[in-house]
Amino acid sequence: MQKNRVSELESAVPELLAIYNKSGNKPRVTFYEGVKGIEDVYTDMLREKKEILAYEDLEHLKAELPERVFEWFPKERAHRDILIKTISRDVPFAREFSKHNRGLLRETKFITAPKFKTDINIYGDKVALIDLQGSSQFAVLIENHNLAETMRTVWQQLDSFCTVRRPR
């Protein structure tokens, strides 16, 4: 029994350290697994109610996210009056999707690039890194003002070189 208790305590150490890391000015890093974890990160974006800057590959998001999540998040975000500005991979599906920008409170610019295979979102003091590859889907949420500001600056610099897609 004692060995089981020691084993349980040892397995709890990472969680206890994570709680400790919440104090002070330390960055907060949270790892989420699977579709449920990714949904939790999208829910956090809604809860923050801050403008979102995103690097996205809509074709890949559509293929990898469950339909209910792909449909739910843009509508709920727009309903909550949260603007998203995206740099999207320029593919026919993304061009078609961008025709609904006005109703979904979106601004989209396009970049010619190979598949992103990820979704990166910057909002408030947070950066969400989402990998939707196959069965090992996950998200990492980093809460750090300086990192978010740097990622926001990089996004804005790239944004200035992208082509514009105006809503109709």
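This text follows the structure it describes.
About the criteria used
Residues numbered from 1 in each chain as written. Predicted model: local features only at pLDDT ≥ 70, side-chain atom pairs only at ≥ 80, totals over all residues. Heavy atoms only, no water. Helix = DSSP H or I, 4+ residues; strand = E, 2+ residues; numbered from the N terminus. Axes fitted to C-alpha atoms, helices over the stretch in contact; angles between N-to-C directions. Parallel < 35°, antiparallel > 145°, perpendicular 65-115°, else oblique. Contact = heavy atoms within 4.5 Å. Nonpolar A, V, L, I, M, F, W, Y, C, P; charged D, E, K, R; others polar. Buried < 20%, exposed > 50% of the residue type's maximum accessible area, 1.4 Å probe, protein only. Polar contact = N/O pair within 3.5 Å; in protein donor to acceptor, adjacent residues only side chain to side chain. Phe/Tyr/Trp six-rings, centres within 6.5 Å; stacked < 30°, edge-to-face > 60°. Lys NZ or Arg CZ within 6 Å of the ring centre and 35° of its normal.

For Val 140, the position within the fold is in strand β7 (residues 138–143). Measuring from C-alpha to C-alpha, the distance between Val 140 and Asn 101 comes to 27 Å, with 39 residues separating the pair along the chain.

A few words now on the packing of helix α2 (residues 34–48) against helix α4 (residues 67–79). Orientation of α2 relative to α4, taken along the N-to-C sense of each, is 5°, at an axis distance of 10 Å. Between α2 and α4, the angle is such that the two are roughly parallel. In this structure, α2 uses Val 35, Glu 39, Tyr 42, Thr 43, Met 45 and Leu 46 to contact α4, whose residues at the interface are Arg 68, Val 69, Trp 72, Phe 73, Glu 76 and Arg 77. Classifying every residue of the contact of α2 with α4 gives seven nonpolar, one polar and four charged.

Unusually for a residue other than glycine, Lys 49 sits at a positive phi of about 60°. For Lys 49, a relative accessible area of 51% puts it in the exposed group. Of note, Leu 105 is a non-glycine position whose phi angle comes to about 50°, a positive value. The topology assignment puts Leu 105 in the loop between α5 (92–97) and β4 (106–111).

This part is about the environment of Lys 126. Along the chain, Lys 126 falls in strand β6 (residues 126–131). Taking the relative accessible area as the measure of exposure, Lys 126 reaches 8% and is therefore buried. It is 24 Å that separates the C-alpha atoms of Lys 126 and Lys 115, two residues lying 11 residues apart in sequence. Sequence-distant contacts of Lys 126, defined by excluding residues within four places in its chain, comprise Asp 44, Glu 48, Asn 121, Leu 141, Ile 142, Glu 143 and Ala 148. In terms of polar contacts, Lys 126 uses its side chain to reach the side chain of Glu 48, at 3.1 Å.

The next point concerns the packing of aromatic side chains. With the rule as written, the count across this model stands at six aromatic pairs. Ring centres of Phe 70 and Phe 93 lie 6.2 Å apart, and the angle between their planes is 40°; on these two criteria the pair is classed as tilted. Of this pair, Phe 70 sits in helix α4 while Phe 93 sits in helix α5, and the two are 23 residues apart along the sequence. Among the aromatic side chains, those forming a connected cluster through ring pairs are Tyr 42, Trp 72 and Phe 73. Lying over the aromatic face of Phe 110, Arg 95 brings its terminal NZ or CZ to 4.0 Å of the ring centre.

This next bit is on the environment of Glu 96. Structurally, Glu 96 is set in helix α5. Classification of Glu 96 by relative accessible area gives partly exposed; the value is 43%. At 3.1 Å, the side chain of Glu 96 forms a polar contact with the side chain of Lys 99.

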